[in-house]
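Now for the letters of each chain:
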Amino acid sequence: YTEYYVNTDTIGKKYGFGRTPTETEVKAWDIDVMPYDEASTPEFDTKHGKVVLDEDGNPKKAEGSVAWGEELYVEQCQMCHGDFGAGGKGYPALSGGDGTTKSLTNQLMNPADENPGIEPPKKVIGTYWPYASTLFWYIQDAMPFPHPKSLSNSETYALTAYLLYENGVKIEGEELDEDYVLDKEKFLKIKMPNAEGFYPNV
């Protein structure tokens, strides 16, 4: 490193721009979900950083079914990610693997060769992503593309359940069907097929 200049005229100076966010505003943006982390995995629906109450005045449990997730997907996701998450229009495929990591070792050779090799690796949710928390977090934080951060926790659980269903991911050995309802308790038990795929086998 070398010397660098510090503008001492700015030390201790207050510019008067902006303000300190309120606790509720911070909560509204603090929606990261970490792998197998009970504290960051949402249990209730929230809106603008506050827990949503049901008709009885109790916190509304966050949960969503595969069937509801399919409806949401058709309405808000299919336009970019294609039917059943198969991809299209320049956006990545979300499904299409067989729920295993077998294709990740596929190597494509020179396409000009007589035998250019087998199919390329299928890097979709069910074959490549190591944690379901990444899926939940990304959906809620950045999707749908035209209006991110607009989905409730229940809607995000439903979309997550649908995409896991389309990828053939099982939860505690159980195959998901259209009636399967995903919530915090079940979500924390998800073990993705490629959970160990980012650790070197030495």
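Predicted model, so just to flag it, every value in this text is computed and none were measured.

Student: Kindly report on the overall build of the protein, identifying the contributing residues and their values.
Tutor: Helix and strand counts for the protein stand at six helices and four strands. Across the protein, helices and strands are ordered from the amino to the carboxyl terminus as α-β-β-β-α-α-α-α-β-α. A globule of 202 residues ought to have a C-alpha radius of gyration of about 17 Å, yet the protein, at 22 Å, is considerably larger. Counting only contacts in the protein whose residues sit at least 6 apart along the sequence, the fraction spanning at least 24 positions is 58%. A total of about 13,600 Å² of accessible surface is found on the protein, and carbon and sulfur atoms cover 53% of it.

Student: An account of the side chain of Thr41 is requested, with residue identities and associated values reported.
Tutor: When you line up the elements, Thr41 lands in the loop between α1 (23-29) and β1 (46-47). At 2.7 Å, the side chain of Thr41 and the backbone oxygen of Asp37 are in polar contact.

Student: For the environment of Asn167, give the residues involved together with the corresponding values.
Tutor: Mapping Asn167 onto the fold places it in the loop between α5 (153-166) and β4 (181-183). Judged by its relative accessible area of 2%, Asn167 falls in the buried class. In sequence terms Asn167 and Gly126 are 41 residues apart; their C-alpha atoms lie 4.9 Å from each other.

Student: Give a detailed account of the packing of aromatic side chains, specifying residues and quantitative values.
Tutor: Scanning all chains against the criterion turns up eight aromatic pairs. Plain terms: the ring middles of Tyr128 and Phe198 are 5.3 Å apart, the flat faces sit at 65° to each other, and that makes the pair edge-to-face. Taken together, the residues span a long stretch of sequence, with Tyr128 in the loop between α3 (78-81) and α4 (132-142) and Phe198 in the segment after α6 (184-187) at a distance of 70 residues. On the numbers, 5.9 Å between centres and 75° between planes, the contact of Tyr157 with Phe187 is edge-to-face. Pair noted here: Tyr157 is in helix α5 and Phe187 is in helix α6, with a separation of 30 residues, a long-range link. Here Tyr157 falls in the buried class, since its relative accessible area comes to 0%. On the basis of relative accessible area, Phe187 is assigned to the buried category, the value being 5%. A network of ring pairs unites the aromatic residues Tyr73, Tyr162 and Tyr165 as a single cluster.

Analysis parameters
Residues numbered from 1 in each chain as written. Predicted model: local features only at pLDDT ≥ 70, side-chain atom pairs only at ≥ 80, totals over all residues. Heavy atoms only, no water. Helix = DSSP H or I, 4+ residues; strand = E, 2+ residues; numbered from the N terminus. Rg over C-alpha atoms; globule rule 2.2 N^0.38 Å. Contact = heavy atoms within 4.5 Å. Areas by Shrake-Rupley, 256 points an atom, 1.4 Å probe, with all protein chains shown as cover. Polar contact = N/O pair within 3.5 Å; in protein donor to acceptor, adjacent residues only side chain to side chain. Buried < 20%, exposed > 50% of the residue type's maximum accessible area, 1.4 Å probe, protein only. Phe/Tyr/Trp six-rings, centres within 6.5 Å; stacked < 30°, edge-to-face > 60°.

Purely spatial values, then, with no claim about function.
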